[in-house]
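Single-letter residue listing:
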Amino acid sequence: MCGNNMSAPLPAIVPAARKATAAVIFLHGLGDTGHGWAEAFAGIRSPHVKYICPHAPVMPVSLNMNMAMPSWFDIIGLSPDAQEDEAGIKQAAEHVKVLIDQEVKNGIPSNRIILGGFSQGGALSLYSALTTHQKLAGVIALSSWLPLRTSFPQGAISGVNKDIPILQCHGDCDPLVPLMFGSLTFEKLKSLINPVTVTFKTYSGMMHSSCIEEMMDVKQFVDKHLPPVD
């Protein structure tokens with residue numbers, strides 16, 4: 001994937017209304033594209049923030065009988081004890097780090113970038129933030145989980161993002177990534193980083209999707225951690 005980015009279409013982008021001094025990179029879920037999320041962020045945008053919603057490469061997905069669809073890495077199952085595509089997850093995380101570096105080259109420091117995603121995209125954003133050497137402003141993980149969680153230490157991580165603010169959101173009626181998986185992830189995150197910086201919000205009646213209340217919480221998180229600098 002990293003070797004051949006020519007085949008991946010350019011990300012959907014919501015440009016800043018004035019000079020961009022911060023960015024949100026948001027990764028969609030399995031089988032989706034970045035377009036819908038770009039529209040969602042256009043509805044809650046802050047004028048100095050650029051929103052980048054990349055599209056995943058198309059690949060066969062084990063969970064869906066090897067049908068080819070946009071996917072950041074292969075998914076074998078959606079339970080906490082399911083086998084995981086370790087090589088694919090690590091390769092995808094390297095791709096995310098390249099996206100962050102591109103924004104740094106564009107003049108936005110990494111500590112003014114929030115990484116986020118929905119479902120598989122949120123899983124990748126959590127893994128990338130906890131393994132990168134780039135200091136980030138925060139992570140938004142919607143209806144997600146932490147992949148390769150047994151690969152992390154038992155105690156706190158020592159990296160640059162050990163105090164990173166994380167907003168984790170989950171519907172309490174999610175049939176695909178059950179709330180219990182979200183709760184397990186929340187507990188694991190609190191053991192890996194400063195527990196004070198991790199927030200877990202649940203939404204009554206919400207399934208594997210988003211809602212207006214959740215997007216308002218996302219906006220509040222972005223406004224708090226990416227304030228205007230001028």
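Residues numbered from 1 in each chain as written. Predicted model: local features only at pLDDT ≥ 70, side-chain atom pairs only at ≥ 80, totals over all residues. Heavy atoms only, no water.

## Some thoughts on empty space enclosed by the protein
Then, number 1: Per the stated rule, a full pass over the model turns up one cavity of 30 Å³ or more.
Then, number 2: In this structure, the largest cavity occupies an estimated 140 Å³ of space.
Then, number 3: Considering only residue class, the lining of the largest cavity consists of eleven nonpolar, three polar and four charged. (1 Å grid on protein atoms, 1.4 Å probe; cavity = no way out; pocket = protein on both sides within 12 Å on 5 of 7 lines; lining within 4 Å. Points joined across faces, edges and corners; volume = space filled by probe spheres on them. Nonpolar A, V, L, I, M, F, W, Y, C, P; charged D, E, K, R; others polar.)

## Side note on the UniProt feature "domain: Phospholipase/carboxylesterase/thioesterase" (unreviewed entry) in the protein
Then, number 1: Mapped onto the present numbering, the UniProt feature "domain: Phospholipase/carboxylesterase/thioesterase" (unreviewed entry) falls on residues 11–225.
Then, number 2: Strand forms 21% of residues 11–225 and helix 32%; the C-alpha atoms that close the span are 23 Å apart. (UniProt positions renumbered as here; feature names shortened; annotations may be inferred. Helix = DSSP H or I, 4+ residues; strand = E, 2+ residues; numbered from the N terminus.)

## Notes on the nonpolar core
Then, number 1: With 42 residues, the main nonpolar core has Ile25, Phe73, Leu124, Leu130, Ile166 and Ile193 as its most contacted residues.
Then, number 2: If you list the elements that add at least two residues to this core, you get β2 (22–27), α2 (86–105), β6 (113–118), α3 (120–131), β7 (138–142) and α4 (179–192).
Then, number 3: Those residues in contact with Leu130 that lie beyond four places of it in its chain are Leu146, Phe152, Ile157, Leu189, Leu192 and Ile193.
Then, number 4: Within the second largest apolar cluster, 26 residues are counted, among which are Ala12, Ala137, Ile140 and Val218. (Core = buried A, V, L, I, M, F, W, Y, C linked by side-chain atoms within 4.5 Å. Buried < 20%, exposed > 50% of the residue type's maximum accessible area, 1.4 Å probe, protein only. Contact = heavy atoms within 4.5 Å.)

## Description of the sheet that holds strand β1 (residues 12–14)
Then, number 1: Here seven strands make up an open sheet; going across it, the order is β1-β3-β2-β6-β7-β8-β9 and the pairing mixed. The sheet is open, and its two edges are formed by β1 and β9 (198–203), each paired on a single side. Across the sheet, the mean angle from the axis of one strand to that of its neighbour is 15°, orientation sign disregarded.
Then, number 2: Note: β2 against strand β3 (residues 49–53), four bridges, orientation parallel. Directly across from Ile25, in β3, lies its bridge partner Ile52.
Then, number 3: Against the sheet, α2 touches β2, β3 and β6, its axis set at about 145° to β6.
Then, number 4: Contacting β2, β6, β7 and β8 (166–171), α3 runs over the sheet at an angle of about 145° to β6. (Pairing = 2+ DSSP bridges. Axes fitted to C-alpha atoms, helices over the stretch in contact; angles between N-to-C directions.)

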